[in-house]
Amino acid sequence: MKQPTILVAEDESIVGWDLRDTVEEAGYAVEGPFVDISSAMLSYQKHKPDLAILDVQLSDGNVFPLAERLMAENIPVIFHSGHYQPDEVHKRFPGSTSLCKPCPPADIIQSVHDALGN
Amino acid sequence: MRDDSDPRPTRPAQTYTAFDEPSDRLGVEHAADAFPGSPGMLFKQAMAQTRMSICLTDPHLPDNPIVFANRAFRELTGYRDDELIGRNCRFLQGPKTDPAPVAAMREALANEDVVIVEMLNYRKDGSTFWNALHLGPIYDETGKLAYFFGSQWDVTDLRVARAEEQHARMMARELSHRMKNMFAVISGIVNVTGRMRGVEREAAEINDRIQALGRAYETTLDDAASGTIEIGNAIHAILDPYGRKGAPLELRGNGARVPFSVVSIVGLVLHELAANATKYGAWASDTGSVTVDWNSPEPDETLVIEWRERGGPAIDPDAVAAGTGSAIVDRILRTASGTIERKWNPEGFEAIVSIPLRG
Ligand SMILES: Cc1cc2nc3c(=O)[nH]c(=O)nc-3n(C[C@H](O)[C@H](O)[C@H](O)COP(=O)(O)O)c2cc1C
C-alpha cells in the first residue's frame, strides 16, 4: 500500500520541523513544511496530498482560501493554530478538525488517523 | 390669546439670547398654560433645567429651521441663540461628517420616524464631538405634525472608552496568539532535540509539563489587568484534556483568586497528579474517577487544592514515588513554602496541596 502523503504548512520553522518528524515517524510521507501559502499552493498543484495540516496564519496571509480548495477536492484538512479558537474555525469549516497550539504529537497523529479513516 | 393690557413690552424679534423659555418662543398662548404646574410650565422648567441638549424645529417653515434650543444645546455647540434660531441643524455638520447617518436622518424625517444616529458634529470654534442624536416628530392634539425634536448627546468620551476596550481585546488576542506560539516553539525544540538525542520519552514527558503550563497561562490573559487571577479557570484548562479523554473528573472549586505567580505551581502539580492517576491511579482503570476541590480558606493567605481518587486499582506508593513527577512536585512546593500531603487510602489516593499566596 502506498504511503499517504501529508502536506504541512507552518511558518514557525521549529514547529514545522517537529510536525514533519512527528508525522513521518507515524509512517506518512510529508510535503513541506511550507512557510507560506504560495509554496504550499504550488506543491498542492503539482501533487495532491491525502491530507493537509495547516497553520491558519502563514507569513503571506490566511490559509482559509487554500483550505477551501483542498476541501473542494475532498482532501481532509487539520487546522493547527494558536490564533483561532477551534469553534471559530469549525463554524467556517464544519467538516474540519482543529488543533490548538501547542498540541501534543500523540494528538496530532490521532487526528491524522481519524481524518484518514483508519 | 394675549391680553392687550399685558404690561410686558413687546420684545424685538432678535433678543432671544437670555431666555430659556420655550413657551414664549413657541407661542404657547393658552391662558391655562401660564399657571404653575400646567403642562406649559412644566415643559418650560424641564427644558431649562435639563442637562440634556434639546432643540425643536418647525417643519412648516422653509428648510425646517430650529425654533428653540435649550441651554445645554448652546453649551454643547458653542452657538448663541441668535446664531442658531432660524437655521437648519445641518450647520453642525462638517467635512468629516459621515453622509450615511445624515441620509438616515433625512429619510426618517421624511417618514416622520423616530431615529437615533451617531455622527461627527462641529462646534462654533471648529472643534468636533461625536453626537448621538435622537430625532422624532411631535404631533399636536389633532394629530398633525407640529414640530420635530432633537436631543443631542456628546458621546466622544464613550467612543474613546469603547475604542480602548476594543483595542485591549485585540491586544489580549494577539498576546494569546504569541503565547501559544511561544509554547509551540518550545515544545518543538524539546521534541526535535529529544529525537536527535534519542531521548524521545523524556522529551515527551517534558512536553506534557510544558503544555499543561501553556494551558494554565492561557486562562490568565483575561485577568491580566486585574493583578490576580481566578485559579479555577486555570485548573479547568489544565485538567480538561484528561477529562476529554473520557476520564471521569469532577471539578468543584469556588472562585478563589490568587496572584499570577501561583499559576505555574498549580499547573505543574496538577499535571503530575493527573499523570500519576493515568499511570497508576483512578484513571488507570475504567471505573475510577477523580474529584478536585479548591478554595482559599483565608483569602490572600493560602490556596488549598484537594485531589481525591476513587475506584482505581490499589496503588503501590513506592512505584509512584520512584517517578520524577513526585520529586518535581515536592521540590516545587518546597521552594514555594507549600506542602503536599499524600494519603494512600484503601478507597483511593488523596492529596492535599497547600500553597501560600504571599511571597
Ligand atoms: C429636530 C432636529 C434636530 C437635529 N439635530 C441635528 C444635530 O444635532 N446635528 C446634525 O448634524 N443634524 C441634526 N439634524 C439633522 C439636519 O437638520 C438635517 O435634517 C439632516 O442633515 C438631513 O437633511 P439634509 O440632507 O437636508 O442635510 C436635526 C434635525 C432635526 C429635525
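Residues numbered from 1 in each chain as written. Chains lettered and ligands numbered in written order. Predicted model: local features only at pLDDT ≥ 70, side-chain atom pairs only at ≥ 80, totals over all residues. Heavy atoms only, no water.

1. Focus: the confidence of the model for chain A
Piece 1. Averaged over all residues, the pLDDT of chain A is 88; the fraction at 70 or higher stands at 96%.
Piece 2. Per-element confidence in chain A is highest for strand E1 (residues 5-9) of chain A, whose mean pLDDT is 95, and lowest for helix H4 (residues 86-92) of chain A, whose mean pLDDT is 78. (pLDDT = per-residue confidence, 0-100. Helix = DSSP H or I, 4+ residues; strand = E, 2+ residues; numbered from the N terminus.)

2. A short note on the interface of chain A and chain B
Piece 1. Each partner contributes to the interface: chain A provides 20 residues, whereas chain B provides 19 residues.
Piece 2. For the chain A and chain B pair, buried surface summed over both sides reaches about 1,700 Å², with 54% attributable to carbon and sulfur atoms.
Piece 3. Close ionic contact of Asp18(A) with Arg195(B) constitutes a salt bridge, the shortest N to O distance being 3.1 Å.
Piece 4. Inspection of the region where chain A meets chain B yields five residue pairs in polar contact (both at pLDDT 80 or more).
Piece 5. Among the secondary structure elements, those contributing two or more residues to the side of chain A that touches chain B are helix H1 (13-25) and helix H5 (105-116) of chain A.
Piece 6. When residues of the side of chain A that touches chain B are assigned to their parent elements, the largest contribution, seven residues, is made by H1(A). (Contact = heavy atoms within 4.5 Å. Buried area = accessible area lost by both parts, 1.4 Å probe. Salt bridge = Lys/Arg side-chain N within 4 Å of Asp/Glu carboxyl O. Polar contact = N/O pair within 3.5 Å; in protein donor to acceptor, adjacent residues only side chain to side chain.)

3. Section: the sheet that holds strand E12 (residues 348-356) of chain B
Residue and element names in this part refer to chain B.
Piece 1. Pairing within the open sheet is mixed, and its five strands lie in the order E7-E9-E10-E12-E11. Of all strands in the sheet, those with a lone pairing partner are strand E7 (249-251) and strand E11 (339-345), marking the two edges. With direction set aside, neighbouring strand axes in the sheet form an average angle of 10 degrees.
Piece 2. Bridging between E11 and E12 involves seven bridges; their strand directions are antiparallel. Its bridge partner lying in E12, Lys343 is registered against Glu350.
Piece 3. Along the sheet face, helix H9 (residues 262-279) touches strand E10 (302-310) and E12 and points at about 10 degrees away from the line of E10. (Pairing = 2+ DSSP bridges. Axes fitted to C-alpha atoms, helices over the stretch in contact; angles between N-to-C directions.)

4. So, the site of the ligand
Residue and element names in this part refer to chain B.
Piece 1. Taken together, 21 residues are adjacent to the ligand, and Asn88, Arg90, Gln93, Arg106 and Asn121 come closest.
Piece 2. Measuring from an oxygen atom of the ligand, one finds a side-chain N or O atom of Arg90 at 2.7 Å.
Piece 3. At 2.8 Å, a side-chain N or O of Gln93 approaches an oxygen atom of the ligand.
Piece 4. Contact with the protein chains covers 92% of the free accessible surface of the ligand, which is 620 Å².
Piece 5. Only strand E1 (53-57), helix H5 (99-110), strand E3 (115-122), strand E4 (128-139) and strand E5 (145-154) provide two or more residues apiece to the shell around the ligand.
Piece 6. In terms of residue class, the shell around the ligand is made up of eleven nonpolar, eight polar and two charged. (Near = heavy atom within 4 Å. Areas by Shrake-Rupley, 256 points an atom, 1.4 Å probe, with all protein chains shown as cover. Nonpolar A, V, L, I, M, F, W, Y, C, P; charged D, E, K, R; others polar.)

5. Regarding the confidence of the model for chain B
Do not read the fine detail of predicted coordinates wherever pLDDT is low.
All names here are of chain B.
Piece 1. Across chain B, pLDDT averages 83, with 86% of residues at or above 70.
Piece 2. The weakest mean pLDDT in chain B belongs to helix H1 (residues 22-25) at 46; the strongest belongs to H5 at 96.
Piece 3. Within the model, pLDDT remains below 50 along residues 1-25, and this stretch shows 37 contacts once partners closer than five positions in the same chain are excluded.
Piece 4. Taken as a whole, residues 27-35 scores under 50 in pLDDT and shows twelve contacts with residues more than four places along the chain or in a different chain.
Piece 5. Among the scores for the predicted complex, ipTM is 0.73 and pTM is 0.58.

6. Describing the pairing of strand E3 (residues 51-55) of chain A
Looking down a regular strand, the side chains alternate between one sheet face and the other.
Residue and element names in this part refer to chain A.
Piece 1. Burial runs high along E3: five of the five residues are buried.
Piece 2. Taking every second residue as pointing to the same face, both faces of E3 are buried, with Leu51, Ile53 and Asp55 on one and Ala52 and Leu54 on the other.
Piece 3. In the sheet, E1 pairs with E3 via four bridges, with the strands oriented parallel. Bridge assignment links Leu7 to a residue of E3, and that residue is Ala52.
Piece 4. Relative to strand E6 (residues 77-81), E3 is paired through four bridges, and the arrangement is parallel. Directly across from Ala52, in E6, lies its bridge partner Val77. (Buried < 20%, exposed > 50% of the residue type's maximum accessible area, 1.4 Å probe, protein only.)

7. Observations concerning the pattern of salt bridges
Piece 1. Considering all chains together, one arrives at 24 salt bridges over all chains under this definition.
Piece 2. Lys144(B) is paired through a salt bridge with Asp140(B); the nearest N and O atoms lie 3.9 Å apart.
Piece 3. By relative accessible area, which is 25% here, Asp140(B) ends up partly exposed.
Piece 4. For Glu272(B), the salt bridge goes to Arg209(B), with nearest N and O atoms at 2.4 Å. Of the two residues, Glu272(B) is situated in helix H9 and Arg209(B) in helix H7 (residues 200-218); the sequence distance between them amounts to 63 residues. Here Glu272(B) and Arg209(B) have matching classes, each one buried.
Piece 5. Look at the salt bridges and you will find they share partners, linking Asp18(A), Arg20(A), Asp21(A), Glu25(A) and Arg195(B) into a network.

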